[in-house]
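Descriptive analysis of the structure
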Amino acid sequence: MLNGNQLWGHIPSELVSLADLEYLDLSTNKFNESIPSILANMSKLHYLNLSNNQFRDKIPFQLGNLVHLSQLDLSHNLLEGKIPSEMSKMQILEYLNLSHNNLSGRIPTTFEQMVSLIQVDISYNQLQGPVPNNKAFQDAVFEGNEGLCGNVTRLRPCNNPSMEIEHASKTDQSLVFLIAFPVLGTVLVLLAFGGMALVRKTRQKEQDTEQSNVQHEVVFSISKFDGRRMYDEIIKATNDFDAVYCIGKGGSGSVYKAKLPSGDIVAVKKLHPVLEGEGTSRMDFHNEIRALVETRHRNIVKLRGFCSHARHSFLVYDYLENGSLASILSKEYEAKKLEWSTRVRIVKGVAHALSYMHHDCSPPIVHRDISSNNILLDYEYEPCVSDFGTAKLLNPDSSNWTTRAGTYGYIAPELAYTMKVTEKCDVYSFGMLVLEVIMGKQLGDFISSSSFPSTDGNISLTDMLDKRLPPPTPNVEKELMIIARLAIECRHSHPQSRPTMHMVSHALSSQPATSSKSEITVEQLID
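A few points on the structure. (Residues numbered from 1 in each chain as written. Predicted model: local features only at pLDDT ≥ 70, side-chain atom pairs only at ≥ 80, totals over all residues. Heavy atoms only, no water.)

**Some remarks on the overall build of the protein**
If you tally the helices and strands in the protein, you get 15 helices and 23 strands. Buried positions account for 49% of the 527 residues belonging to the protein. Long-range pairs, those at least 24 residues apart, make up 58% of the contacts in the protein between residues at least 6 apart in sequence. Carbon and sulfur atoms provide 52% of the accessible area of the protein, an area that totals close to 25,500 Å². (Helix = DSSP H or I, 4+ residues; strand = E, 2+ residues; numbered from the N terminus. Buried < 20%, exposed > 50% of the residue type's maximum accessible area, 1.4 Å probe, protein only. Contact = heavy atoms within 4.5 Å. Areas by Shrake-Rupley, 256 points an atom, 1.4 Å probe, with all protein chains shown as cover.)

Next up, the structure:
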């Protein structure tokens, strides 16, 4: 088992030499190339799990040669193209999960011959046409595939003329919904060249009086969901954003917890109206949101959609159970759950996310508001960067000047005299965040506390560490020292002297330094 690590790139070919291997789990890593077809040579595999990575391109048809597989999980990747019909050769396969990819086309009819299947999940793809006529597919999870049909309760019948009539009636609305899929494809091209909005002048249902009185365009974009249905479900789930469902407030909006009829729980951030006039046009705002829909990283909260409307503007994210890092650090009992090894993992996760945004996205994305309030933790305390309401895309052909954004205590000093956004603004904020994770409080609060040395000179690492936790082990202490020194470098007063997040991410992924020196100067800390 190699799951839950930071493995990236391609699966090494040497792995295939393990010809007798029966169980292979590479899930929840960062593999970002194609699934190698030579995996088919591991003929004795019974279990193969490649989920929660960034595998691209098509599913290799050669995987059909893994005839001894009983479980196959390729979910939560970037796989595209058709499902290979050769996979039907897996005649003892019981569990198949291809959900949350970009697979398209029809499900092979040969899958009807896979009588051993017990559980199938093909949700949130772009599949079309009839589903196979066997028991497993009759009970499968189909959500997020609007083109599927079949003699199944949750799907439309195939070859039903009323489907076209229903589709035409849906476009005959005053609310126009644009569906944006999380890949650069035909839909986005059409949106880019066809315009951001389609306007339809139609008649309203008589009982929908509020909509008949408000003649404003609505754009609701949500990946792989029926936009109109999702909008209605969110309004209903929050009782039109009743305060009882509010779980947090920030500078740009309030966050609500919404449980959808499907059972999914999402976090809905309802934006304050002032965001509309922040200095970028409405078109620019939509372009940035659309770019964020494209991000796929385990340490970035998935933006599932957004709505822009005169009455409601909100963002829809995955809901994370443990809330914000700031909330946990502020509570005595909760903070003790964040052991030193967990805090190291949080720092690394945020660094990897920022490196991805700055160096792997095109154009690069600058968050502009990295703080402990905007780092959310899942049930395993895995960190996710959230709240992209103020994010900025760095356009190499523009000046990238913008209005000020950020949280007091984390804002880079150069923003006091310039409004030009660079990725080094995030680097500075990351440095402040790291010190907060180590000390358990913000730097300003730490300096003003009685525990801070009153004289100049050296300060040991133990003087900086959160006193609510027992001392770290020697190995973890070395990692914390590396992290502390990186944080100081990130806080350099001159932006050009700060490291890039790629450099920081690489340093944190490397082996700990051999130096055991655990002192820094007070001047370094407070400069």
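Here the narrative resumes.
**So, the environment of Ile482**
Inspection of the secondary structure puts Ile482 in helix α13 (residues 474–490). Exposure remark for Ile482: the relative accessible area of 24% places this residue in the partly exposed category. Counting along the chain gives 26 residues from Ile482 to Leu508, while the straight-line C-alpha distance between them is 7.9 Å.

**Re the side chain of Ser505**
Among the secondary structure elements, Ser505 is positioned in helix α14 (residues 501–509). Here Ser505 falls in the buried class, since its relative accessible area comes to 10%. Leave out the neighbours within four places in its chain, and Ser505 touches Ala351, His352 and Ser355.

**Re the side chain of Asp378**
As for its position among the elements, Asp378 is in the loop between β19 (375–377) and β20 (383–385). Side-chain polar atoms of Asp378 contact the backbone nitrogen of Glu380, separated by 2.9 Å. Among the polar contacts listed, one links the side chain of Asp378 to the backbone nitrogen of Glu382, at a separation of 2.8 Å. (Polar contact = N/O pair within 3.5 Å; in protein donor to acceptor, adjacent residues only side chain to side chain.)

**With respect to the environment of Pro470**
Following the sequence through the fold, Pro470 ends up in the loop between α12 (461–464) and α13. Using a relative accessible area of 56% as the deciding quantity, one classes Pro470 as exposed. Measuring from C-alpha to C-alpha, the distance between Pro470 and Glu339 comes to 8.7 Å, with 131 residues separating the pair along the chain.

**With respect to the sheet that holds strand β9 (residues 119–121)**
Reading across from one edge, β2-β4-β5-β7-β9 is the order of the five strands in this open sheet, with parallel pairing throughout. Both outer strands of the open sheet, β2 (23–25) and β9, are each paired with one neighbouring strand and no more. Averaged over all adjacent pairs, the angle separating strand axes in this sheet is 5°, with direction ignored. As judged from the three bridges shared by strand β7 (residues 95–97) and β9, these two strands associate in the parallel manner. Bridging across to β9, Leu96 finds its partner in Val120. (Pairing = 2+ DSSP bridges. Axes fitted to C-alpha atoms, helices over the stretch in contact; angles between N-to-C directions.)

**Describing the packing of aromatic side chains**
All chains considered together, the criterion is met by five aromatic pairs. Their ring planes at 5° and their centres at 4.3 Å tell us that Tyr23 and Tyr47 sit as a pair that is stacked. A residue pair is termed long-range when its members are at least 10 positions apart, and Tyr23 in strand β2 and Tyr47 in strand β4 (residues 47–49) qualify at 24 residues. When its relative accessible area of 40% is taken as the criterion, Tyr23 is described as partly exposed. Plain terms: the ring middles of Phe241 and Tyr256 are 5.1 Å apart, the flat faces sit at 70° to each other, and that makes the pair edge-to-face. One end of the pair, Phe241, is in the loop between α5 (227–237) and β13 (246–249); the other, Tyr256, is in strand β14 (residues 253–259), and 15 residues separate them in sequence. Accessibility expressed as a relative area gives 8% for Phe241, which makes it buried. (Phe/Tyr/Trp six-rings, centres within 6.5 Å; stacked < 30°, edge-to-face > 60°.)

**With respect to the pairing of strand β8 (residues 102–106)**
Across two bridges, the pairing between strand β6 (residues 80–81) and β8 is parallel. Counted as the bridge partner of Gly81 is Leu103 from β8. The pairing of β8 with strand β10 (residues 126–130) spans three bridges and is parallel. By the bridge assignment, Ser104 is partnered in β10 with Gln126.

**Quick notes on the sheet that holds β10**
With respect to topology, four strands assemble into an open sheet ordered β6-β8-β10-β11, the strand pairing being parallel. Across the chains shown, the open sheet's two edge strands, defined by having one partner strand only, are β6 and β11 (147–149). One ladder, built from three bridges, connects β10 with β11; its direction is parallel. Its bridge partner being in β11, Gly129 is matched across the sheet by Leu148.

**Topic: the packing of α13 against α14**
Packing of α13 against α14 brings their axes to within 11 Å, and their N-to-C directions diverge by 175°. Relative to α14, the element α13 lies roughly antiparallel. Of α14, the residues touching α13 (which contributes Ile483, Leu486 and Cys490) are Val504, Ala507 and Leu508. A breakdown of the residues in the contact of α13 with α14 according to their chemical character gives six nonpolar, no polar and no charged. (Parallel < 35°, antiparallel > 145°, perpendicular 65-115°, else oblique. Nonpolar A, V, L, I, M, F, W, Y, C, P; charged D, E, K, R; others polar.)

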